[in-house]
Amino acid sequence: MNNVREFSWSVFFTWMILAVIGLIAIYSATQGPVSQFLAEYIQDNFFKQVVWVIVSLFALISIQFISPRAFIQLSYLAYGVGIILMILTLMFGTEINGAKSWLRIGPANLQPSELMKIATILAAANYLTSRRDISAENVRYALTAVVIILIPASLVFMQNDLGTALIFLSLIPVMLFWSGLPYGVSLFIISPAVIAYLAVIEWYYGLVAAILLTALIFFIQRRVWLTVTSFVTGFLTVSGVQVAMNQLLQPHQIARIAAFTNPNYDPTGAGWNVIQAKTAIGSGGLTGKGFLEGTQTQLKFLPEQWTDFIFCVIGEEFGFIGSTIVIMTFIFLFIRLLNMAGNHKHPFAQLVTVSFTSVYFIHFFINVGSASALLPVIGLPLPFISYGGSAFLTNTIMLAICLNMDFHKREFSIYR
Amino acid sequence: MSISQSNRTRTSIRALQVIMIGMMLVVLGRVFYLQIIEYDVYAALGQENSVRQEYVDAARGLIYDRDGRLIVDNEPIYSITITPSLFDNDKLPLLADILNVSDSLLTARVQEAQRYSWYRTSRLITEIDFDRFSAIQENLWQLPGIGHQIESKRHYPTDINGSHLFGYLREASEAEYQNSDRLKLGDKVGKSGLEMIYEDTLRGDDGVKYLRVNALGQAISNFEDTTLSQPPVQGTDIYTTIDTELQVLAEELMEGKKGALVAMDPKTGGILAMVSAPDYDLQKLAGRLDTDYWQAINADTLTPLYNRAISGRQPPGSTFKPIMGLIGLHLGFIDSTTTVYNSGAYMRGRPYRDTAPIGDYNLEKAIANSSNTFFFSLMDQIATNGYLNEWSSLVKDLGVGVSNPIDLPYASNGIVPDSTYLNRVFGENRWGVGDIMSMGIGQGLLSLSPLQVAQMTSVIANGGYRVKPHIVKASRMPSGRVVEKNPELHQVGWITDENLGVIKAGMRKVVSEGPSRYYTNNPEVPTAGKTGTAQNPHGRDHGWFTSFAPYDDPQIVVSVLIENGGYGSISAAPVAAVLIEKYIEGEISRNYVYNYVLNFVSRPTDSELIDNE
């Protein structure tokens, strides 16, 4: 057994801080004066979350006693079981808020797509790091890894959980990049997302981005075929967005997209959530309105304020100081985790740690970005803070695996 | 692991850290922008969001009768409102069930509200009963977008219909609420009657209340900062001179007839009862507008919205003869002993008919038997001697033919012609003595409203003192302070008691000995009066009767006009007689008169000769 001093206590305490912040915010969002407008099962969310935090704490501790090699050995099995669970969910699952993502097991509603994130990352990482010569030039390996990720991604998509499907897709550039995919190609893979985002706001923003990204890719990679492909892809993305906005999408879908660029366009319609969220955060000011004192929160102006809009609760009741503490805590966590990855000698541990960190980061960025109207509203929870048992447990297990691999990194050295 | 691999790892970690921290700083910057730089914007927005300003309608002032009995008050009505954008259409069956209306009706209403505005709150259903209102309140939590409000409407607790007295309320027009700082969209204002004249008095000042609301628009509590709220100031109550029992009886007596009735206290000018027939059902205009009914009374050829008692103008006919007598005595063309022989017609270029029995007439007898000859002769002298304008001004001294406004809208001044007026109507000097003579018996261009006939009668009854007719005698401020209005009393200088005695004696005989005596001669209540017939070129003549009682100490003046009623002695006089008996005696013992009046039917056309009564 290793010396407990080598355990990354700072990351562990960061986890605890975030969990406590989450419980405070969930308490305010479901047990505060607002509870009179909430259904009873939603009021119970706070107590359910307390139970999940305790369960997760046990999981976190227990995982520290496992050999890190187990993650490699069990990765394909976990992946297979996960896929079966996902298919079962599609067949027998419970639908909540339009997404058929929950599987009822005993007293708990389990969200297999959350746990599937772990299994997918472990399996793809195992596949990509068990061969020495994986690089972007070896298209066959890269494509196999993409398929490993795309299978669960499409199952999640079929469950109608767009946000989580997006997380799976974002794993592709992250994991391929880490496995030796050239910078330029990695940039090329993510460029359509950036271009599309800007093209929604104004088509020429998208075009400018396409040109700049193409130029950047050319300077990094200096490959003509990649540069041309990049430019064509960028151009097609801008055109595609234009066609979708003007021809394909239904008026209400366009309204939802337009509302994010200009919420005042339809204040009580599609823009309602955006305006209420911005108002909640903005009216918090420097110090906030105080615990259980936020009018936007307690008078239920915020939709889904215990999950997708939990950051608004913090922003409103604890102000800029509270928001900054949350953001800084996450920044600390991400820096620490990436440093951990950098210290790993074993590529599996590196890839898994980086992938997990990326998953946290994308959740964080999309959640807070949505709440502060930087991004269109995409329903994703804020890691460790939003209500959601499966998500909290999954996030904790991911962190526990990172901690475990860091704690036991010498065992990896021996194995390798 | 190769060196390059290790280098790449280190660079990649740095790159990732830079990208992540960079993006998180963007988020932090965004939050800084919202919370620190734009704080003022969103703080205000947050306030507006959770605090709703609501108007608290001030209770409209109440109206009391002369004895302090409540005759107009307010009644709460319960309305259900909808904000279509927040409404969940799946809840429609539930809502229909609670309101006990059909789904299709409710769907139509919801669509109507949606057409009005998707985001603004509008009334879904008004005037629902209290049980349904409570049921809605209990279920508000599962009916997003549905709200409720309590409004009030006018309520008339007595049997008085009073459509022309009280008047109706309607929503203020756009011009009205834009020119007023007290009115807002949807407020109701008085559009006729006392409600219109006393609009500013009766209307209180709406209060403002700040409520905390949630996203569903449900009120949570009053806003803490109560200094911002303003309590409503209720309207001023008004005390009228109306005698409830008399008014109810008057309305009953005038039902089914066309015409008007004014009962007045001759000593103060206070209106005891006033009816214009046909009238309309005020209650039906009180709450939600019954469009069919509103259109029906507007289109009715009998013009029920028109107040004949003050706006109508008819030749006063022979009811004007007592005034003629007074003027003749004052100007010295006659004295109490002057006699004029009636040969069946008065000759002045052509014969002017007189159906009174042939013989000699002094003034008293001329009034009692309504001889035209006597007054043709008098008016002839007035005209021939150039006293037309003097005559006109003397008549106007009684407060008729000039503005002497009662506190009701659209009162007519009446017409008492002078040379200027005749020049205008007929053209310069294109009128002759004949046009003037017909005015001597209350015909021709002379025309007065029933109120003015009562007004001139009250001068006789009141010993030569002129009053100002009015309905409101006092008002009570919200503070409780009562402001009494002093009745205006003016002595008409040229009227002497001696001259009045002759006139009153003649009027007494009209009642006790004239053709109406069967109805009017009540031994218990000595009454004086004068019948009249207004010539009507369009159909049967209009019957007039004006009277006062008791003879020695007049308490009441009653003037009645029955349009197309023929002789005033058989149409108008019985109505006045019943009212006087009721007012002086407190009850009606002469049921045969009462029943006669109830069964009296005016015929619109009848080829009857113009007669003098």
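Residues numbered from 1 in each chain as written. Chains lettered and ligands numbered in written order. Predicted model: local features only at pLDDT ≥ 70, side-chain atom pairs only at ≥ 80, totals over all residues. Heavy atoms only, no water.

(A) Summary view of the overall build of chain A. When its secondary structure is counted, chain A shows 17 helices and 3 strands. Expressed as a percentage of the 416 residues in chain A, the buried residues total 58%. Put simply, 71% of the contacts in chain A that link residues at least 6 apart link residues at least 24 apart. (Helix = DSSP H or I, 4+ residues; strand = E, 2+ residues; numbered from the N terminus. Buried < 20%, exposed > 50% of the residue type's maximum accessible area, 1.4 Å probe, protein only. Contact = heavy atoms within 4.5 Å.)

(B) Quick look at the confidence of the model for chain B. Residues and elements named next belong to chain B. Summary statistics for chain B give a mean pLDDT of 87 and a share of 92% for residues scoring 70 or more. Every residue in residues 606–613 scores below 50 in pLDDT, and together they form 29 contacts with partners more than four places removed in sequence or on other chains. Under the prediction, the complex receives an ipTM of 0.90, its pTM being 0.63. (pLDDT = per-residue confidence, 0-100.)

(C) Representation of the sheet that holds strand S3 (residues 108–110) of chain A in the model. Residue and element names in this part refer to chain A. Spatially, the 3 strands line up as an open sheet ordered S1-S2-S3, and their pairing is antiparallel. Among the strands making up the open sheet, the edge pair consists of strand S1 (94–96) and S3. Strand-to-strand twist across the sheet, computed as the mean angle between neighbouring axes with direction ignored, equals 50°. Relative to strand S2 (residues 99–105), S1 is paired through 2 bridges, and the arrangement is antiparallel. Pairing of Ile96 across the sheet is with Ala99, part of S2. (Pairing = 2+ DSSP bridges. Axes fitted to C-alpha atoms, helices over the stretch in contact; angles between N-to-C directions.)

(D) Structural view of the interface of chain B and chain A. Listed per partner, the contact involves 38 residues of chain B and 57 residues of chain A. A per-residue breakdown of the area chain B buries against chain A is headed by Arg8(B), Met24(B) and Gln35(B), which together make up 17% of the total. Taken together, the connections running from chain B to chain A amount to 0 salt bridges. The tally of links from chain B across to chain A stands at 8 residue pairs in polar contact (both at pLDDT 80 or more). Mapped onto the side of chain B that touches chain A, the elements with two or more residues apiece are helix H1 (3–37), helix H2 (39–50) and strand S8 (207–213) of chain B. The greatest single-element share of the side of chain B that touches chain A, amounting to 22 residues, is contributed by H1(B). (Buried area = accessible area lost by both parts, 1.4 Å probe. Salt bridge = Lys/Arg side-chain N within 4 Å of Asp/Glu carboxyl O. Polar contact = N/O pair within 3.5 Å; in protein donor to acceptor, adjacent residues only side chain to side chain.)

(E) Here's a closer look at the pairing of strand S22 (residues 542–549) of chain B. Residue and element names in this part refer to chain B. Across the 8 residues that make up S22, a large majority, 8, are buried. Side-chain alternation along S22 places His542, Trp544, Thr546 and Phe548 on one buried face and Gly543, Phe545, Ser547 and Ala549 on a second face that is also buried. Note: S22 against strand S23 (residues 556–562), 7 bridges, orientation antiparallel. Opposite Ser547, over in S23, you have Val558 as the bridge partner. Counting the residues between successive antiparallel strands, the hairpin from S22 to S23 contains 6 residues.

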